[in-house]
Amino acid sequence: MPKYLLLTFLTLAWWTQASGQDAPYSDPANAGGWILNESVSDEFDGNSLDLNKWNILGLRGNYFGQWKGRAPSQYSSANVHVGEGHLTITSRWDPDFDFSNSAGSNGYRYGKPAPVTTGCVITKAQFKYGYMEMRCKAADGPISSSFWTTGAGGEIDVFEHYGDNTANPYSSKRYHTSFHDWRKGSATFGKRIWTNDHQLDFRVADAFHVYGFEWNERFIKMYIDGTLIHCVTKEEMGNKWVAFSEQRVWIDSETFDWEVNPALLKAADFGDGQEFIIDYCRVWQSNRDSAACEPRTNLLANPGFEAGLTSWRGSAEVSHDAHAGSSAAVLQTAGAIEQTVALRPNTTYILSAWATSPNTNQKDLWFNAFLGLRDHGNTVTNTRFFFPYYHRKSVQFTTGPDATSAVIFFTNNPHGEKAIIDDIELIEAPGAVNRARE
Ligand SMILES: [Ca+2]
Ligand SMILES: [Ca+2]
């Protein structure tokens, strides 16, 4: 066979095999020139996990040089299953499991006070830069469902879902992305040094959704169901940018002691097992030079308070403790500011801001402030700020079929402790389309 014919045949064969997974959900026409990296991607077809591609932690007692999970929960290979096109990681109340006698790095012992087993798989291969995407449904209990990567110097947590925290309704709707510092000698070694906290308008355990994360040498982008929710440049992140090495993919569940105290966990929380169900894990790569973070149109007037309180109603004062520019809005006592903005019906928007609660001491005093919206023909929704330094949070919402406007509000009710806000942004969610792909 002439060489060029062979090449054409191989190209066609590759294309046929790749169809259906040939581009990220946010880029169906594949404008980015994405090519699937099979070594770290999986459709989870067949009846068993591909052990040429993945390590299952705890398989025949082997943890492959990694940890055994976040104590008190411990990874058990018995909780990892492939079938019906899915990878399922089950979390169980498992008192008969032979827990390790060692202590976890967080001070808890494995299996105590909650005998919970979970599961974890890690790719054998590594990759650097690309577009990671997972279609999944989080476990609907007090347990995490996470998609993350580790490499020399830094860890990327694409998402760390928490299926159900009855004491905190924000937890189950949170799309939490972070960078973890593992640079030798770094002053913040071992710490989560950067986070993106996005409040979804649905519970992550209620249905399948597509979560995307684009990573290159200049920026990261986060997506939900094909919609871009945030883009952050390496420049903006400065010394917090630790995603510079080849990464391995991790998929796992863990008890999160900062969400629910393990002493409060009980057998009933886990029933016959809480399942984190993954339809696929795909990683594409491209040689094309991606555009940087595109400018976005802010629909709010005077969003950074540089014109004082113009366009805002309410009880705030102007503060010079600004996140950017020279002014911000401060609520000294219980109050609220608001602005009415014209919007389109049946459309998804993302509202974000930088805010601080200066009187929070991060020990026993936590003062909440809320950024949200109402009168948009749908459920009132908000995100909550409480750290004593400027931090950014975002919340998404969809307008009702008859909505033509919404009221954006910021309030420190009912605490009434000082809260400062700056750089409020309201954008139409880029690429937002109703794509309920099953
Ligand atoms: Ca599948
Ligand atoms: Ca400002």
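Residues numbered from 1 in each chain as written. Chains lettered and ligands numbered in written order. Predicted model: local features only at pLDDT ≥ 70, side-chain atom pairs only at ≥ 80, totals over all residues.

Trainee: Teacher, can you tell me more about the overall build of the protein chain here?
Mentor: In terms of regular secondary structure, the protein chain is built from two helices and 27 strands. What you see for the protein chain is a C-alpha radius of gyration of 23 Å, in line with the 22 Å of a compact globule of 438 residues. The buried share of the protein chain, taken over its 438 residues, is 42%. Considering only residue pairs separated by 6 or more positions, the protein chain has 70% of its internal contacts joining residues 24 or more positions apart. (Helix = DSSP H or I, 4+ residues; strand = E, 2+ residues; numbered from the N terminus. Rg over C-alpha atoms; globule rule 2.2 N^0.38 Å. Buried ≥ 20, exposed ≤ 12 C-beta atoms within 10 Å, placed from the backbone. Contact = placed C-beta atoms within 7 Å.)

Trainee: Would you explain the nonpolar core in this entry?
Mentor: The nonpolar side chains of soluble globular proteins are, as a tendency, buried together. V158, I251, I278, A329, L351, A355 and I421 are the most contacted members of the largest nonpolar core, which totals 89 residues. Two domains each donate at least three residues to this core, and these are domain 1 (9-285) and domain 2 (313-428). Of all hydrophobic cores here, the second largest spans six residues; its members include W93, A114, V260 and L265. (Core = buried A, V, L, I, M, F, W, Y, C linked by C-beta atoms within 7 Å. Domains from an automatic or database assignment.)

Trainee: What am I meant to see in the environment of G65 here?
Mentor: Along the chain, the position of G65 falls in the loop between β2 (54-56) and β3 (74-75). In this structure the C-alpha to C-alpha distance between G65 and F244, which are 179 residues apart in sequence, comes to 22 Å.

Trainee: Looking at this model, I keep getting lost on the environment of L351. Mind explaining?
Mentor: With respect to the secondary-structure elements, L351 resides in strand β22 (residues 348-356). The sequence separation of L351 and L426 amounts to 75 residues, and the corresponding C-alpha distance is 4.5 Å. Apart from residues no more than four positions distant in its own chain, L351 is found in contact with L371, L373, S394, V395, I408 and L426.

Trainee: Help me understand the pairing of strand β11 (residues 174-182) in this model?
Mentor: The side chains of a regular strand alternate, first on one face of the sheet and then on the other. Both strand β10 (residues 153-162) and β11 contribute to a ladder of five bridges, which runs antiparallel. Across the sheet, residue I156 finds its bridge partner in β11, namely F179. For β11 and strand β12 (residues 192-199), the ladder comprises seven bridges, and the chain directions are antiparallel. Residue pairing for β12: H180 is matched across the bridge by R192. (Pairing = 2+ DSSP bridges.)

Trainee: Just checking my understanding: could you explain unusual backbone geometry for this structure?
Mentor: For residues other than glycine, phi is negative in most cases, and the peptide bonds are mostly trans. At the junction of K112 and P113, the peptide bond is cis and its omega measures out at 0° in the coordinates. Residue position: P113 is located in the loop between β5 (86-93) and β6 (116-118). Residue P414 follows N413 across a cis peptide bond; omega there is 0°. Summarising the element assignment, P414 is placed in the loop between β26 (405-411) and β27 (419-428). Phi angles above zero are rare outside glycine, and F44 is one such case at about 60°.

Trainee: Teacher, can you tell me more about the domain arrangement of the protein chain here?
Mentor: It is common to report an interface's size as the accessible area lost on association of the parts. If you check the domain split of the protein chain, you get domain 1 (9-285) and domain 2 (313-428). If you average the C-alpha positions of domain 1 and of domain 2, the two centres end up 30 Å apart. The interface of domain 1 with domain 2 comprises nine residues on the first partner and eleven residues on the second. Of all elements in the fold, only β12 and β15 (227-233) reach the threshold of two or more residues within the side of domain 1 that touches domain 2. Residue composition of the side of domain 1 that touches domain 2, by class: three nonpolar, four polar and two charged. (Nonpolar A, V, L, I, M, F, W, Y, C, P; charged D, E, K, R; others polar.)

Trainee: Just to check I follow, could you spell out the sheet that holds strand β7 (residues 120-123) for this structure?
Mentor: One key point about sheets: their strands pair by backbone hydrogen bonds, in either a parallel or an antiparallel sense. In space, the twelve strands of this open sheet follow the order β2-β7-β16-β9-β10-β11-β12-β25-β22-β27-β20-β19, with mixed pairing throughout. At either margin of the open sheet sits one strand with a lone partner, and together these are β2 and β19 (317-319). The average undirected angle you get between the axes of adjacent strands in this sheet is 25°. For strand β9 (residues 144-151) and β10, the ladder comprises eight bridges, and the chain directions are antiparallel. Bridging across to β10, S144 finds its partner in Y162. (Axes fitted to C-alpha atoms, helices over the stretch in contact; angles between N-to-C directions.)

Trainee: Explanation requested: the pairing of β15 in the structure shown.
Mentor: As judged from the six bridges shared by strand β14 (residues 219-224) and β15, these two strands associate in the antiparallel manner. Looking at the pairing, F219 lines up with T233 of β15. Between β14 and β15, which pair antiparallel and follow one another directly, the connecting turn spans two residues, one of which, D225, has a positive phi of 45°.

Trainee: Teacher, can you tell me more about the environment of S144 here?
Mentor: Summarising the element assignment, S144 is placed in strand β9. Of the residues examined, S144 has 23 C-beta atoms within 10 Å and is grouped as buried. Between the C-alpha atoms of S144 and F256, which are 112 residues apart in sequence, the distance is 6.8 Å. With sequence-adjacent residues up to four places away left out, S144 is seen in contact with E160, H161, Y162, S253, E254 and F256.

Trainee: Before we go on, may I ask you to explain the sheet that holds β26 in this structure?
Mentor: Pairing in this open sheet of five strands is antiparallel, and the strands run β18-β21-β26-β23-β24 from one edge to the other. In the strand order of this sheet, the two ends are held by β18 (313-314) and β24 (381-385), each with one partner. With five bridges connecting them, strand β23 (residues 369-374) and β24 associate as antiparallel partners. Bridge pairing in β24 links L371 to T383.

Trainee: Please explain the confidence of the model for the protein chain as it appears in this structure.
Mentor: Fine structural detail should not be taken from predicted coordinates in areas where pLDDT scores are low. Residues of the protein chain with pLDDT of at least 70 account for 94%, and the chain-wide mean is 93. Low pLDDT (under 50) marks residues 1-19, which in the prediction has two contacts with non-local residues, meaning those over four places away or in another chain. Across residues 433-438, where pLDDT falls below 50, the model places three contacts with residues more than four positions away in sequence or in other chains. (pLDDT = per-residue confidence, 0-100.)

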